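Listed below, chain by chain, are the residues.
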Amino acid sequence: MAMEIPGACPLDCPDGCSWIVTVDDGEAVGLRGNPDHPFTRGALCAKVARFLDHTRAPDRLLYPLRRTGAKGEGRFERIGWDEALSEMAERLLAIRDRHGGEAIWPFQGTGTLGYLQGLEGRSGARLWNVLGASDHLMTICSIAGSEGLRYTTGTNRGMDPEAFQHARLILLWGSNPLTSHHHIWKFIVAARKQGARLVVIDPVRTRTAAQADEHLAPRPGTDAALALGLMHEVVRRGAHDEAFLRERCVGWEAFRERIDEFPADRVAAICDLPLERIVALGERLATTRPTAIRATMGIQRHAGGGMALRTLATIPAVTGDWALPGGGLAYSTSGYFRGNRAALARDDLRAHPVRSLVMTRMADVLLDADPPVHALVVYGANPLASNPDTERVRRALAREDLFTVVIEHSPTDTVDYADIVLPSTMQTEHTDVHDGYGHMYLAWNEPAVAPPGECLPHTEIWRRLARAMGLEEPALYDDDLTLARTLVESGDPTLAGVTVERLRREGWVRLGHPNPLVPFASGFPTPSGKLELYSERAAAAGHDPVPGYTPPAEAADPGEDRLALIAAASHWFLNSIFANGALHRERAGEPTVALHPDDAAARGLVAGERVRVGNERGSFDALLAVGDAARRGVAATTKGHWPKLLAGGANVNSATEERDADLGAGAVYHDCSVWVRRAVSNGDGAVALAQPQRSALRQ
Ligand code: SF4
């Protein structure tokens, strides 16, 4: 008889969908969104709707492998788990004994966000802590913005996206939910039915921008200047909320002086926007309560990205929207789940403090760190597709003296550089716990089917590896249910009554925060307890104490004959996941770069031809689209393609740079100056088109 097993999407997406797997005779025969979940309401996205096909992909890794060819060739032989783990144990212990534990770099990505198997719980941390391995700084996604928000509001937490239904003005700022987190859309639609206006601010005319009442396309990376200009208009009209600024904030006088520096005409020049549109939006902001702002991770991936979020979070202070249901700013909700992360990761198992290695500086670290990294264990990550500066990463991974283990589902470009490959389970095959970073629910993921081949969950790999190493720390051998209880049953009041048994039974629970949520009703978690328009902490850390505008390094002024490269999320890939699937690849088509007609004409380029996009770091090939998708000065493409599956063997990250944002060592993917030239068929990778241009123009 068929059974229905509750689960959750594990992928790097704010929505954390609840799903139901139908299992018949031990086989997963159906997957659908859970209709009872209040936020995701039964809908999965286009990427994940065929997830079961992904679990059965013909190229799925099913057995441990040992490299037989040169690094990068991707030639392996099948070995058994015992052999793989004993070799791994022997090599890691030898490296630890000779060079110290910090010579081991556990390199974890966002392949799954689960608390047991993935990133949110730092899966494997207990083992790495016992070994004294280097700490992995997860800088690839949202850290600059989170750090910026912490200076202003004390936390990266903000609005509950469900509260958008109460807003009367919605600013989607660098955010494209119709591609990358579509469940907020129904709350936006509900607000629009009540008369709310939707404004999208994005240098790219995305699917979402095309649906908005208004689309402003500033120069990339100038968002903080635009925010200050809009606040200038609010203050000029006397529409700022004096009471909120006086009673709930510190530093208003200093911040008001900062706002005075950004009149609309100056901001129009910085952002390259028509003056009258800034004034009109400023007036609308001044007169519309509540206003809800949704900012996602794209706008903080540049040299001033931390400051951008720090400044955006001041808008609802100036307008007083932080005090209203339906007002404020939503960036992440991940901090609302107060499970016991510390007890899960057990940093107390470290015998001494260890160094931290920055994820998005992978090539720098592997080529130059002193003392060097001698062992790299990659899991939930595909740095050869997703890290900046591919060719340097490739050189680093090719180091013959680097012992590399990759734990994966699929034969990625990164797998090709592994000494040992371990096959891991997918979401329908293991236990996990998830929150979303775009909603207020906790979800259980029950294994629905047995793993194929010899795939194992990460948690089981860590246990077996610890045993192979002869490690005696009991915490290394906790089973999955014990780990889940440690996390969930934290005693925090917002988790009162939430047990693993209840989660397993019900599939999901809403966290115990008020609904509707006014995020800072009982104060801001800053040192002053108030929203900080002047931050002593920022000053002490060497930053401007007052929120402002930090220009990007390359994007706003890319240089003569150059364009600012934006590589947004694809509609069909989740980072680099699914980019090997026939259906997803067919739907995504070849990489496309979109230019404004003036920029194409200036280069003598026409739509549909193959172009090469690059700079001093490297280049990639794409089909040219010409139209309204990109503003002047921007080359808009999408990320996620696997380099080895592309005709030119390179994706967009051949051009992006290993460089830090202003806060948190965040990545700067959207701060990249490139040339765009006609590709020529001269045997250097530019080849005839393999398939017709498809849907990649509007992502
Ligand atoms: S990727 Fe996001 S929207 Fe798609 S199924 Fe997963 S959580 Fe839902």
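Residues numbered from 1 in each chain as written. Predicted model: local features only at pLDDT ≥ 70, side-chain atom pairs only at ≥ 80, totals over all residues.

1. Description of the overall build of the protein chain
Then, in step 1: Tallying secondary structure elements over the protein chain gives 24 helices and 27 strands in all.
Then, in step 2: Taking 2.2 N^0.38 as the reference for a compact globule, 699 residues should give roughly 27 Å; the C-alpha atoms of the protein chain span a radius of gyration of 25 Å, in line with that estimate.
Then, in step 3: In the protein chain, which comprises 699 residues, the proportion classed as buried is 60%.
Then, in step 4: Across the protein chain, the fraction of contacts at a sequence separation of at least 24, relative to all contacts at a separation of at least 6, is 77%. (Helix = DSSP H or I, 4+ residues; strand = E, 2+ residues; numbered from the N terminus. Rg over C-alpha atoms; globule rule 2.2 N^0.38 Å. Buried ≥ 20, exposed ≤ 12 C-beta atoms within 10 Å, placed from the backbone. Contact = placed C-beta atoms within 7 Å.)

2. Thoughts on the sheet that holds strand β15 (residues 375-379)
Then, in step 1: Judged by pairing direction, the sheet is mixed, and its six strands sit side by side in the order β5-β4-β17-β16-β15-β6 without closing on themselves. Whereas interior strands pair on both sides, the edge strands pair on one side only; in this sheet they are β5 (76-78) and β6 (104-108). Each neighbouring strand pair of the sheet contributes to a mean axis angle of 20°, computed without reference to strand direction.
Then, in step 2: Relative to strand β17 (residues 420-423), strand β16 (residues 403-408) is paired through four bridges, and the arrangement is parallel. Residue pairing for β17: Ile407 is matched across the bridge by Leu422.
Then, in step 3: Relative to the sheet, helix α2 (residues 81-99) contacts β6, β15, β16 and β17, its axis offset from that of β17 by approximately 125°. (Pairing = 2+ DSSP bridges. Axes fitted to C-alpha atoms, helices over the stretch in contact; angles between N-to-C directions.)

3. Observations regarding the packing of helix α11 (residues 264-271) against helix α12 (residues 275-287)
Then, in step 1: Following both chains from N to C, one finds α11 and α12 inclined at 120°, their axes separated by 9 Å at the closest point. Between α11 and α12, the angle is such that the two are oblique. Here α11 and α12 pass one another in a crossing that is right-handed. Contact residues: α11 offers Ala264, Asp265, Val267 and Ala268, while α12 offers Leu275, Ile278, Val279 and Gly282.
Then, in step 2: Split into classes, the residues belonging to the contact of α11 with α12 amount to six nonpolar, one polar and one charged. (Parallel < 35°, antiparallel > 145°, perpendicular 65-115°, else oblique. Left-handed = near helix turned anticlockwise from the far one by under 90°. Nonpolar A, V, L, I, M, F, W, Y, C, P; charged D, E, K, R; others polar.)

4. Quick notes on the nonpolar core
Then, in step 1: Within the largest apolar cluster, 144 residues are counted, with the highest numbers of intra-cluster contacts made by Leu565, Val593, Val613 and Ala635.
Then, in step 2: Setting aside residues up to four positions removed in sequence, Leu565 forms contacts with Val613, Ala635, Ala655, Cys672 and Val674.
Then, in step 3: Leu149, Leu169, Leu172 and Ala191 belong to the second-largest nonpolar core, a separate cluster that totals 73 residues. (Core = buried A, V, L, I, M, F, W, Y, C linked by C-beta atoms within 7 Å.)

5. Topic: α12
Then, in step 1: When the terminal C-alpha atoms of α12 are compared, their 19 Å separation across 13 residues agrees well with the 18 Å that a helix rising 1.5 Å per residue should span.
Then, in step 2: Regarding α12, the residues found buried are Ile278, Leu281, Gly282, Leu285 and Ala286. With its buried residues spanning 145° around the axis, α12 presents them on a single face. (Expected span 1.5 Å × (residues − 1). Arc of directions from axis to C-beta.)

6. Overview of the pairing of strand β12 (residues 291-295)
Then, in step 1: Summarising burial for β12: five of the five residues are buried, a large majority.
Then, in step 2: Residues of β12 alternate between two faces, with Thr291, Ile293 and Ala295 on one and Ala292 and Arg294 on the opposite face, all of them buried.
Then, in step 3: Pairing of strand β8 (residues 169-173) with β12, which is carried by five bridges, proceeds in the parallel orientation. Counterpart to Leu169 in the pairing with β12 is Thr291.
Then, in step 4: In this sheet, strand β13 (residues 328-330) lies alongside β12 in parallel orientation, the contact comprising three bridges. The residue of β13 that forms the bridge with Ile293 is Leu329.

7. Observations regarding the domain arrangement of the protein chain
Then, in step 1: The assigned domain composition of the protein chain is domain 1 (3-55), domain 2 (65-140 + 357-510), domain 3 (144-331) and domain 4 (563-697).
Then, in step 2: On a C-alpha basis, the centres of domain 1 and domain 3 stand 33 Å from each other.
Then, in step 3: Listed as interface residues are seven residues of domain 1 and, on the opposing side, five residues of domain 3.
Then, in step 4: Grouping the amino acids of the side of domain 1 that touches domain 3 by side-chain chemistry returns five nonpolar, one polar and one charged. (Domains from an automatic or database assignment.)

8. Details of the environment of Thr155
Then, in step 1: With respect to the element layout, Thr155 can be found in the loop between α4 (143-152) and β8.
Then, in step 2: When the C-alpha positions of Thr155 and Gly335 are compared, they lie 7.9 Å apart, and in sequence the two are 180 residues distant.
Then, in step 3: Those residues within four positions of Thr155 in sequence are excluded, and the remaining contacts are Leu149, Arg150, Gly335 and Pro525.

9. Some remarks on the sheet that holds β8
Then, in step 1: With parallel pairing, five strands are arranged side by side in an open sheet as β10-β9-β8-β12-β13. Each edge of the open sheet is held by one strand with a lone partner, namely β10 (214-216) and β13. The sheet shows a mean angle of 20° between the axes of neighbouring strands, taken without regard to direction.

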